Amino acid sequence: MQYFIQTFGCQMNITDSERISAVLENLGFVPAKRWQETDLFIMNSCSVRQKPEDRVHGLIGDSLKIKKKNKKFMVGLTGCMVRKSSTQNSELKDNLLKVHENLDFVFRIEDLCKLDQVLRECKAKLKIKPLEDEGTVENYFKIQPKYSNNFSAFVPIQTGCDKFCTYCIVPFARGREYSRDFVEVLAECGNLVEKGVKEITLVGQTVNTYGISRADKMSKKFEKYGKYPFVKLLEEIDKLQLKGLKWLRFTSPYPKDFSDELMEAMARLKTLCHHVHMPIQSGSDAVLQMMNRQYSVKDYLKLVNKFRKKIPDIAISTDIIVGFAGETEAMFKETCALYDKIQWEMCYHAKYSSRKGTYAGKILKDNIFAKAKSRRWHKLNEYIKKYSFKALKGYANSIQEVLVDEKKQDGLYYGRNFHNKLVCFKSRSNLIGKFVCVRITQVKEWLMEGKLLNK
Ligand code: SAH
Ligand code: SF4
Ligand code: F3S
C-alpha cells in the first residue's frame, strides 16, 4: 500500500507530516510520488486564512475522480481544519465529513498514535499492524519522525497557543499551549546531530514561552529549568556543537516575551544564528490593540534597538497583516512609516482573512474592501523589495558560508547563510547538505549570487 501526504501551512505542519510518514511506514505503507497514484492520500491542512482551506476543499473534490478509478483509494485529512477525529462510519462525525462524502476520515494530530484505529474504522479489511500508544499530545511528540533530509531538521518544542490574538484560529485549532518534555527535545536534537544533522530549527507558535505556559506552570515540570526554560534549552542544544551541530535557529518568538536573557544567549551561544523572525502584525497601536497583541509599537522598537546594539549584524524579519477589521488608511500609513524606521529585511505580508470562531470573526466587521487590502499588500511589497535589496547589498563582495539545500537545473545550487539569506551559485559537484564558501559577486532583490570557493 502506498501513501502520499500533501502539507499546507507552517513549519509545525511540516514536522507533523514527518511524524505522520513515520507512523504510516510503521504500519506498512510506502511513499508514493504523486497523490493521484496512491492508495492513501492525506492532506495536512492549515486554517490560518481562507485560501489554504479552499485548496483543501478543491483537492477533496478532485480526488473523487481517482476514487472512481481506484476502489482502494482512501482520502484523509488532518491538521488545523479538523475538530474531531472520526470517519464516515463514526457516530459523531467532524463537520468536514458531512460536507464531503468522498472524504473517508479526519484525525486530530494529537490522535496520530490512533491512526491505525481510524484507518480500520474506515475499512475493516485493511491489513495493517496495530499501534500501541494512546492518542495524546505527549505520545504524538514521542513518535520518531521520518525526517525530510539528513542535514537540516525542524524540531517542534511546543504546540497550541494561549495568546488569542483576535484574528487568529490557531488557539482554537491547536488548543492550549503545551511544551514538549525538555529531556525529550534534547534527546531528539542529540540523535539528529549524531546522524549528521548540522542545522536545527526549533519551532513553536510562541517559541520563547517554552516551558512557561499556563499548563506548563501547573504541571511544575519545568520548574527545575529556572525562569527561562527556553534559554536553558538553547544552552543545552548549543553544547551539541562538540558533536557536529553548526547552526541553531528558532521560530517564531512573541515580541512581548523576548527576555534580555534570550537576547544575551543569542549573542553568546556560538551556534545560534543571527536572524530573528519577530512578527509585529501592524505598525499602528490602535490596530495592535484591536488584535490583542499585548505590546505597543514603542515596545517593539525598543526591542529592535536593543537587538541592534547587542548583536549589530542581526537580521530581523517579520509578519504583517494588512486590512485588518477597522484598519483605516491612516493606521496603514503608520505601518509604512514603521517600515522606513525598522527596515525589516524580510517580511510575510498577509491580507486579513476573517476566521469563524475567532473574536474578530464574531465581533469585528471585516470592513476593508478586497481592493484596498490588495493595494495595501502591494504597497508593502514595494517596501520589502527595497529593504531586502538594501540589506543584501551589505554582503556584496563578501565571502559567505552557506548550507546548501537545493539544486535546480544547470548545476545551480541554493542555500542559506548564517543570517538566513538566500545564496545561489553554480557547481558541478553534488553539494546538497554541505557547508560551502561563496564569494558574493551579484546582489538581487531577494537573493545573492556568487562563486564557489575551494576551501
Ligand atoms: N505565532 C505567530 C504567528 C502564527 S500564524 C505570531 O504570533 O506571530 C502565521 C502568520 O499568519 C501570522 O503571523 C499572521 O501574520 C498570519 N495570520 C494569522 N491569522 C491570520 C488571518 N486571520 N488573516 C490573515 N493573516 C493571518
Ligand atoms: Fe495566533 Fe497570536 Fe498565537 Fe501567533 S500568538 S499563533 S498569531 S494567537
Ligand atoms: Fe496554519 Fe495551523 Fe500552522 S493554522 S499556520 S498550519 S498552526
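Residues numbered from 1 in each chain as written. Chains lettered and ligands numbered in written order. Predicted model: local features only at pLDDT ≥ 70, side-chain atom pairs only at ≥ 80, totals over all residues. Heavy atoms only, no water.

Novice: Would you explain the packing of helix α10 (residues 260-268) against helix α12 (residues 297-310) in this entry?
Specialist: The description of two helices packed together rests on the angle between their axes and the distance between the axes. Contact geometry of α10 with α12 gives a least axis separation of 10 Å together with a crossing angle of 30°. On the basis of the axis angle, α10 is roughly parallel to α12. Crossing hand, α10 versus α12: right-handed. Between α10, through Asp-260, Met-263, Glu-264, Met-266 and Ala-267, and α12, the contact on the second element is made entirely by Leu-303, Lys-306, Phe-307 and Lys-310. Here the contact of α10 with α12 is built from residues that sort into 5 nonpolar, no polar and 4 charged. (Axes fitted to C-alpha atoms, helices over the stretch in contact; angles between N-to-C directions. Helix = DSSP H or I, 4+ residues; strand = E, 2+ residues; numbered from the N terminus. Parallel < 35°, antiparallel > 145°, perpendicular 65-115°, else oblique. Left-handed = near helix turned anticlockwise from the far one by under 90°. Contact = heavy atoms within 4.5 Å. Nonpolar A, V, L, I, M, F, W, Y, C, P; charged D, E, K, R; others polar.)

Novice: Sorry, what's going on with the pairing of strand β7 (residues 152-156) here?
Specialist: With 4 of 5 residues buried, β7 lies mostly within the body of the structure. By the bridge criterion, 5 bridges tie β7 to strand β10 (residues 199-203) in an arrangement that is parallel. Counterpart to Pro-156 in the pairing with β10 is Val-203. (Buried < 20%, exposed > 50% of the residue type's maximum accessible area, 1.4 Å probe, protein only. Pairing = 2+ DSSP bridges.)

Novice: Even after reading the chapter, I still don't get the side chain of Thr-335, so can you show me in this structure?
Specialist: As for its placement among the helices and strands, Thr-335 is situated in helix α13 (residues 329-342). Excluding residues within four positions of it along the chain, Thr-335 makes contact with Ser-282, Gly-283, Ser-284, Ile-320 and Leu-380.

Novice: Whenever I open this one, the site of ligand 2 confuses me. Can you help?
Specialist: Taken together, Cys-161, Lys-163, Phe-164, Cys-165, Tyr-167, Cys-168, Val-170, Pro-171, Gln-205, Thr-206 and Arg-293 make up the full set of residues adjacent to ligand 2. Looking at the shell around ligand 2 residue by residue, the class counts come to 7 nonpolar, 2 polar and 2 charged. (Near = heavy atom within 4 Å.)

Novice: What is the right way to look at the site of ligand 3 in this model?
Specialist: By nearness alone, every residue bordering ligand 3 is listed as Gly-9, Cys-10, Asn-13, Cys-46, Ser-47, Val-48, Cys-80, Arg-174 and Gln-205. Of the residues that constitute the shell around ligand 3, the class distribution is 4 nonpolar, 4 polar and 1 charged.

Novice: I keep staring at the pattern of salt bridges and nothing clicks. Help me out?
Specialist: Side chains that differ in charge, positive against negative, can pair when their charged atoms come close. Within the structure shown, the criterion is met by 28 salt bridges. With a shortest N-O distance of 2.9 Å, Lys-163 and Asp-257 are connected by a salt bridge. In this pair, Lys-163 is assigned in the loop between β8 (158-159) and α6 (170-174) and Asp-257 in the loop between β11 (247-251) and α10, connecting sequence segments 94 residues apart. Where salt bridges share partners, they join Arg-19, Arg-180, Glu-184 and Glu-188 into one cluster. (Salt bridge = Lys/Arg side-chain N within 4 Å of Asp/Glu carboxyl O.)

Novice: Explain the packing of helix α9 (residues 229-238) against α10 here, please?
Specialist: Running from amino to carboxyl end, α9 crosses α10 at an angle of 10°, the nearest separation of the two axes being 9 Å. Regarding the angle of α9 to α10, the classification is roughly parallel. As for the relative orientation of α9 and α10, their crossing is left-handed in sense. Contact with α9, carried on its side by Phe-230, Val-231, Leu-234 and Glu-235, involves Glu-261, Leu-262, Ala-265 and Arg-268 of α10 and no other residues of that element.

Novice: I keep staring at the domain arrangement of the protein and nothing clicks. Help me out?
Specialist: By a widely used convention, the size of an interface equals the accessible area lost when the partners come together. For the protein, the assigned domains are domain 1 (2-137), domain 2 (147-269), domain 3 (274-393) and domain 4 (399-452). Computed over C-alpha atoms only, the centres of domain 3 and domain 4 are separated by 29 Å. Across the contact, 13 residues belong to domain 3 and 10 residues belong to domain 4. Sorting the residues of domain 3 by area buried against domain 4 places His-274, Lys-385 and Leu-392 first, and these three jointly supply 49% of that buried surface. Inspection of the region where domain 3 meets domain 4 yields 1 salt bridge. Between Glu-345 and Lys-421 there is a salt bridge, and its shortest N-O distance comes to 2.6 Å. Remark: the boundary between domain 3 and domain 4 carries 5 residue pairs in polar contact (both at pLDDT 80 or more). (Domains from an automatic or database assignment. Buried area = accessible area lost by both parts, 1.4 Å probe. Polar contact = N/O pair within 3.5 Å; in protein donor to acceptor, adjacent residues only side chain to side chain.)

Novice: What's the story with the sheet that holds β11 in this structure? I'm lost.
Specialist: Hydrogen bonds along the backbone pair up the strands of a sheet, which may run parallel or antiparallel. Spatially, the 3 strands line up as an open sheet ordered β7-β10-β11, and their pairing is parallel. Strands at the two margins of the open sheet, each flanked by one partner only, are β7 and β11. Between one strand axis and the next, the sheet turns through 20° on average, direction left out of account. Running at roughly 170° to β7, helix α7 (residues 182-194) makes contact with β7 and β10 of the sheet. Here α9 sits on the sheet and contacts β10 and β11; the angle it forms with β11, its principal contact strand, is near 155°.

Novice: Is there a simple way to think about the nonpolar core in this case?
Specialist: Where a protein is soluble and globular, its nonpolar side chains tend to be buried together. Of all hydrophobic cores here, the largest spans 60 residues; its most connected members are Ile-200, Leu-202, Phe-250, Phe-258 and Phe-307. In this structure, this core is formed jointly by two domains, domain 2 (147-269) and domain 3 (274-393), each of which donates at least three residues. In this view, Phe-258 contacts Asn-208, Phe-250, Pro-253, Met-263, Met-266, Val-276, Met-278, Leu-303 and Phe-307; residues no more than four positions away in its chain are not counted. Core analysis: the second largest hydrophobic core is formed by 28 residues, Leu-119, Cys-122, Tyr-178 and Val-203 among them. (Core = buried A, V, L, I, M, F, W, Y, C linked by side-chain atoms within 4.5 Å.)

Novice: Looking at this structure, how should I read the sheet that holds strand β12 (residues 275-277)?
Specialist: Strand order in this open sheet of 3 strands is β12-β13-β14, and the pairing throughout is parallel. Bordering the open sheet on either side are β12 and β14 (346-351), each of which pairs with just one other strand. Direction aside, neighbouring strands of the sheet carry axes that sit 10° apart on average. Relative to strand β13 (residues 315-322), β12 is paired through 3 bridges, and the arrangement is parallel. The residue bridging His-277 from the neighbouring strand is Ser-317, located in β13. This element, helix α15 (residues 370-393), spans β13 and β14 of the sheet and lies at about 175° to β14.

Novice: Explanation requested: α13 in the structure shown.
Specialist: Residues three or four positions apart in an α-helix share a direction because the helix packs 3.6 residues into each turn. Between its first and last C-alpha atoms α13 spans 20 Å; for 14 residues at 1.5 Å apiece the expected length is 20 Å, and the two agree. Of all the positions in α13, only Met-331, Phe-332, Thr-335, Cys-336, Leu-338, Tyr-339 and Ile-342 are classed as buried. Buried positions in α13, seen along its axis, are confined to an arc of 160° and lie on one side of it. In α13, the exposed residues that point more than 90 degrees away from the buried face are Ala-330, Lys-333 and Lys-341. Those residues of α13 that are buried lie in contact with α11 (285-290), α12, β13, β14 and α15. Directly after α13, the chain includes Gln-343, whose backbone phi takes a positive value near 55°. (Expected span 1.5 Å × (residues − 1). Arc of directions from axis to C-beta.)

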